[in-house]
Amino acid sequence: MKIGELAFRTGVTPRALRYYEEQDLLHPEREGNGYRTYPESAVVQVEQVRDLLAAGLSTRVIRVVVPCFDGSGPELRPQVDKELADNLAREVEQMGARIDALTRNRDAVRHFLQTATPTAPD
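In short, a report on the structure. Keep in mind that this is a model prediction, so the values were computed, not measured.

Moving on, we get to the pattern of salt bridges. Scanning all chains against the criterion turns up nine salt bridges. Note that Glu 31 is salt-bridged to Lys 2, the shortest N-O span being 2.8 Å. Taken together, the positions of Glu 31 in the loop between β1 (29-30) and β2 (36-37) and Lys 2 in the segment before α1 (3-10) put the pair 29 residues apart, joining distant regions of the chain. On the basis of relative accessible area, Lys 2 is assigned to the partly exposed category, the value being 37%. Connected via shared salt-bridge partners are Glu 5, Arg 9 and Glu 40.

Here it is, written out as structure tokens:
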């Protein structure tokens, strides 16, 4: 399928699909005229990439994780070795640290708002 059809079927822009290719997350074939063609399996792969990006993983980590998936849909199961599992555990720790920082910032702003004295506009 061409890039426009893949974009339509996945809800991802062609620009994002080209970015995924630049980041080595997608591997389309090239026709003689240079047009990209994608196999049917690219639909699932794009959905996986999009979900992992939404989960906060970097493209560097996703590049390693996506090839580890086996199956599709409800049968999708990651197959990981110890090194990848350790890397993902570090990612989870870093996400936790970012969540903690955001929570502290939110609480500080909330406290500021609760203790602030409203003033009348000029």
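Still more to cover.
Given a rise of 1.5 Å per residue, 14 residues ought to cover 20 Å, and the 20 Å separating the end C-alpha atoms of helix α3 (residues 41-54) matches this to within 8%. Among the residues of α3, those classed as buried are Ala 42, Val 43, Val 46, Gln 48, Val 49 and Leu 52. Downstream of α3 by one or two residues, Gly 56 has phi in the positive range, about 100°.

Conventions we followed
- Residues numbered from 1 in each chain as written.
- Predicted model: local features only at pLDDT ≥ 70, side-chain atom pairs only at ≥ 80, totals over all residues.
- Heavy atoms only, no water.
- Salt bridge = Lys/Arg side-chain N within 4 Å of Asp/Glu carboxyl O.
- Helix = DSSP H or I, 4+ residues; strand = E, 2+ residues; numbered from the N terminus.
- Buried < 20%, exposed > 50% of the residue type's maximum accessible area, 1.4 Å probe, protein only.
- Expected span 1.5 Å × (residues − 1).

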